Amino acid sequence: LSGNPWLFGTRDLFALLVHFEKWRLGPLHKKAFQSLAARLSESTELLSPCEALKAIEVYAGAGSANEVLMQHMHLRLLQDRAFVELPSAGIASLAGSMAQVTYYHTGLLREIVAHIGEDPSIVAYWTEEELYQAIRAFGLAPVEIPLPTLKMLGCRYNTLLWQGSTLGSIRNFFEVSANYPELLRTVL
């Protein structure tokens, strides 16, 4: 990748992506990571929504907010609301990844909030961590959440907290409640 990044086709690049979570290539790693991001960005439209999310997750997991890659992948998922093809956990991961690398696409987050309002069953399967990460991203972006959607998120949080909360989960809840006081009113 660092020598001749055009040697690899799109599918080859995506096949390499999964290894970047595990490989540590020393000084070559950063250059290869940047080269892979540039090559993936060139062929964003060829990726499925799940593949675009995987690229986002790998880079977010590495703490790399490669702006070009993130912008291309976010736009890919925003175009024609392609993110709705993701599984429920994938939508939570997409929102949470933005907070992970502090690179927010507010247009995409607004569409995610609107989609949650249209189909509340999405959050029914979110874990406590997924719910926390998504609401945290909405708050940090910042994205306005309509009151009915916010109350629904609060009800889900309430259910999860009653199922077995820890000190960390309560701290996380109060952190996201700072951005959305109505969430606090709904749960308490």
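Residues numbered from 1 in each chain as written. Predicted model: local features only at pLDDT ≥ 70, side-chain atom pairs only at ≥ 80, totals over all residues. Heavy atoms only, no water.

Bringing the overall build of the chain into the picture now. Along the backbone of the chain there are ten helices and zero strands. Counting from the amino terminus, the chain carries its helices and strands in the arrangement α-α-α-α-α-α-α-α-α-α. Relative to the globule expectation of 16 Å for 188 residues, the C-alpha radius of gyration of the chain, 18 Å, shows essentially globular dimensions. In terms of its C-alpha atoms, the chain occupies a principal-axis envelope of roughly 55 × 35 × 25 Å. For the chain, the proportion of its 188 residues judged to be buried stands at 48%. (Helix = DSSP H or I, 4+ residues; strand = E, 2+ residues; numbered from the N terminus. Rg over C-alpha atoms; globule rule 2.2 N^0.38 Å. Buried < 20%, exposed > 50% of the residue type's maximum accessible area, 1.4 Å probe, protein only.)

This part covers the layout of surface pockets. Size it by volume and the largest pocket reaches roughly 160 Å³. For the lining of the largest pocket, the secondary structure elements donating two or more residues are helix 5 (88-101) and helix 7 (128-140). Sort the elements by how many residues they give to the lining of the largest pocket and helix 5 lands first, with five residues. A per-class count over the lining of the largest pocket returns one nonpolar, five polar and three charged. (1 Å grid on protein atoms, 1.4 Å probe; cavity = no way out; pocket = protein on both sides within 12 Å on 5 of 7 lines; lining within 4 Å. Points joined across faces, edges and corners; volume = space filled by probe spheres on them. Nonpolar A, V, L, I, M, F, W, Y, C, P; charged D, E, K, R; others polar.)

As a further point, take the packing of helix 2 (residues 27-42) against helix 3 (residues 49-61). Their axes nearest at 12 Å, the elements helix 2 and helix 3 cross at an angle of 155 degrees. With respect to helix 3, the element helix 2 is oriented roughly antiparallel. Taken as a pair, helix 2 and helix 3 cross one another with a handedness that is left-handed. The residues of helix 3 that touch helix 2, namely those facing Phe-33, Leu-36, Ala-37 and Leu-40, are Ala-55, Val-58 and Tyr-59. Of the residues assigned to the contact of helix 2 with helix 3, the class counts are seven nonpolar, no polar and no charged. (Axes fitted to C-alpha atoms, helices over the stretch in contact; angles between N-to-C directions. Parallel < 35°, antiparallel > 145°, perpendicular 65-115°, else oblique. Left-handed = near helix turned anticlockwise from the far one by under 90°. Contact = heavy atoms within 4.5 Å.)

Now for the pattern of salt bridges. In this structure the tally under the stated criterion is five salt bridges. Between Arg-81 and Glu-111 there is a salt bridge, with its nearest N and O atoms 2.9 Å apart. Residue Arg-81 is found in the loop between helix 4 (67-78) and helix 5, and its partner Glu-111 is found in helix 6 (residues 106-118); the two are separated by 30 residues along the sequence. The class for Arg-81 is partly exposed, based on a relative accessible area of 23%. In this structure, Arg-81 engages Glu-118 in a salt bridge whose closest nitrogen and oxygen atoms are separated by 3.1 Å. Pair noted here: Arg-81 is in the loop between helix 4 and helix 5 and Glu-118 is in helix 6, with a separation of 37 residues, a long-range link. Members of the salt-bridge network, linked through shared partners, are Arg-81, Glu-111 and Glu-118. (Salt bridge = Lys/Arg side-chain N within 4 Å of Asp/Glu carboxyl O.)

Attention shifts here to unusual backbone geometry. A cis amide bond links Ala-141 with the next residue in sequence, Pro-142, at an omega value of -20 degrees. Looking at the element boundaries, Pro-142 is found in the loop between helix 7 and helix 8 (147-162). Here Asp-80, not a glycine, exhibits a phi torsion of approximately 55 degrees, which is positive. Its place among the elements puts Asp-80 in the loop between helix 4 and helix 5.

Our next topic: the side chain of Arg-39. Note that Arg-39 resides in helix 2. By relative accessible area, which is 11% here, Arg-39 ends up buried. A polar atom in the side chain of Arg-39 sits 2.8 Å from the side chain of Glu-42. (Polar contact = N/O pair within 3.5 Å; in protein donor to acceptor, adjacent residues only side chain to side chain.)

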